[in-house]
Amino acid sequence: MNLVKSLGPSWLLTWGLLIPAFAQSAGIPMPIEEAIAIARRAVPGQMIVEAELKHSRSVWKIKFADRVEVYIDAMTGRVIKVEMDDF
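Since the model is a prediction, treat every value here as computed from it, not as a measurement.

What counts and how
Residues numbered from 1 in each chain as written. Predicted model: local features only at pLDDT ≥ 70, side-chain atom pairs only at ≥ 80, totals over all residues. Heavy atoms only, no water. Helix = DSSP H or I, 4+ residues; strand = E, 2+ residues; numbered from the N terminus. Buried < 20%, exposed > 50% of the residue type's maximum accessible area, 1.4 Å probe, protein only. Contact = heavy atoms within 4.5 Å. Salt bridge = Lys/Arg side-chain N within 4 Å of Asp/Glu carboxyl O.

(A) Broad picture of the environment of isoleucine 62. Residue position: isoleucine 62 is located in strand β5 (residues 59–64). Assessed through its relative accessible area of 0%, isoleucine 62 is described here as buried. Isoleucine 62 sits 24 residues away from isoleucine 38 along the chain, and the two C-alpha atoms are 9.7 Å apart. In this structure isoleucine 62 touches Ala35, Ile36, Ala39, Ile48, Glu50, Ala51, Val68, Glu69, Val70 and Ile72, once residues within four positions along its chain are discounted.

What follows is the structure in structure tokens.
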């Protein structure tokens, strides 16, 4: 499923919100809902317990109940790593 649909040269529709198309190229991170959807594809069937922007707003960290953490590039949506939390 494509989460972002182009509405023309200057606007994007992302999770029901209209944002300027330059937003992601201007360094504005993707919405939390989009990061959560990406994380759920990487770790299906698990409950999310925490989501936060890390490293000066360039990485989404999504933590699941089973201690798995998914790190997502907040500009591109690429999964950087999936790891087990040691706590």
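(B) How the structure looks around the pattern of salt bridges. Applying the stated criterion to the full structure yields five salt bridges. Glutamate 50 is the partner of lysine 63 in a salt bridge, and the nearest nitrogen-oxygen pair spans 3.9 Å. Of this pair, lysine 63 sits in strand β5 while glutamate 50 sits in strand β4 (residues 48–54); the two residues are 13 residues apart in sequence, bridging distant segments of the chain. You can call glutamate 50 partly exposed: its relative accessible area is 32%. In this structure, lysine 54 engages glutamate 52 in a salt bridge whose closest nitrogen and oxygen atoms are separated by 3.9 Å. When its relative accessible area of 27% is taken as the criterion, lysine 54 is described as partly exposed.

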